[in-house]
Amino acid sequence: MAIVALAGGIGASKLLLGLSRAMDPRELTVIVNTGDDIVLHGLSISPDLDIVTYTLAGLVNPDTGWGFPDETFRTLDQLAVYGRPGWFHLGDRDLATHIHRTALLRAGSRLSEVAESIRQSLGVASTILPMSDQPVPTIIETELGRLHFQEYLVERRAEPVVRAISFDGIEHARPAPGVLESIERASSIILCPSNPLISVGPILAVPGVREALRKRRRNVLAVCPIVGGKSLKGPSDRMLAQLGLEVSACGVARMYQDICATLVIDPVDSAQSAMIESLGMKALVYPTVMRTLDDKERLAREILRFSANQATGVSA
Ligand code: FO1
């Protein structure tokens, strides 16, 4: 079974780790959001690509979900001496990744080639693709003005009220090599439990991706990132509410209705099943809160079992 997963960062990585243990990881292709990418200190930083790669390599910091464990920040401290901003915590070991990425990009490599180089070097068996090779920074229009997504999330701790979200340059972006092909060929496509606005949203906005998924709708399954009216990770709930969108499993179902046939919802939201099914989607009720490695693997196995049955036409 060739499985494709659309992923943001930390929330998605939990499920990806489960999937990589529940199946042959070589059959897994991850299409990653790059709207969070930012240039700081002259270095090209791709947080979601790194979070996914470090997680699948077994190298991610388990406490934060990003960066390496037992990091030191001596370079950042020295950068502060020169008056450089230190709000984005780049660890000394993590900086090697950003230096390597920046050097390759400056020498003319595409972001997808850089992702492949890092994947291979860290021994990850799954394919990891950026959504696009063109930079498409996510811009958050707030009460304080336009902020890069990382400025909004990390520097301002997601405090400013959100008025709109845009993806700069999206109209000129193209899906990275392999993105559309993997969606076309996959037996199942999984939308990870990531923020639908700023993690999965940018991937869907790359011209051609939403259309490609629409054609595969029957085989697309999403794991709902909203449980009991709250986000599993990060500020999705707050952002959805500030934009006047419904903060519920049903609200997520409406956002994915045209591209996705199945939504996995947590038992606490089972009362919304009928409403979700009235939108023409199947509501699969299964625990989605992944605290332990067992939780991650169990959810992944259930999704793979359902998807295999779906692909062979067996009723689940
Ligand atoms: N998140 C934080 O909350 N604070 C940080 O200082 C921070 C640094 C950082 C460095 C490298 C990296 O790959 C990720 C980092 N993140 C940090 C996570 C990141 O901002 C977001 O969680 C993702 O962009 C959203 O998926």
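Look up a bit, the structure's there.
None of these values were measured; they are calculated from a predicted model.

Caption draft 1: Region of the structure containing the pairing of strand β6 (residues 138-142). Taken across its five residues, β6 has four buried, putting it largely inside the fold. The pairing of β6 with strand β8 (residues 162-167) spans five bridges and is antiparallel. Bridging from a neighbouring strand, Ile140 pairs with Ile165 of β8. Relative to strand β7 (residues 145-148), β6 runs antiparallel, the two being bridged by four bridges. Among the inter-strand pairings, Thr142 is bridged to a residue of β7, identified as Gly145. Hairpin connection between β6 and β7: a loop of two residues separates the two successive antiparallel strands.

Caption draft 2: Quick peek at the site of the ligand. Near the ligand you find 13 residues, and of these Asp36, Asp48, Phe88, His89 and Gln150 are the closest. With respect to the ligand, the side chain of Asp48 contributes an N or O atom lying 2.6 Å from an oxygen atom. Gln150 places a side-chain nitrogen or oxygen 2.7 Å from an oxygen atom of the ligand. Contributions of two or more residues to the shell around the ligand are made by α2 (47-56) and α6 (149-155). With three residues, α6 is the largest single contributor of residues to the shell around the ligand. Of the residues contributing to the shell around the ligand, the split by class is seven nonpolar, three polar and three charged. When residues of the shell around the ligand are assigned to domains, at least three map to each of domain 1 (39-130) and domain 2 (138-169).

The rules behind the values
Residues numbered from 1 in each chain as written. Predicted model: local features only at pLDDT ≥ 70, side-chain atom pairs only at ≥ 80, totals over all residues. Heavy atoms only, no water. Buried < 20%, exposed > 50% of the residue type's maximum accessible area, 1.4 Å probe, protein only. Helix = DSSP H or I, 4+ residues; strand = E, 2+ residues; numbered from the N terminus. Pairing = 2+ DSSP bridges. Near = heavy atom within 4 Å. Polar contact = N/O pair within 3.5 Å; in protein donor to acceptor, adjacent residues only side chain to side chain. Nonpolar A, V, L, I, M, F, W, Y, C, P; charged D, E, K, R; others polar. Domains from an automatic or database assignment.

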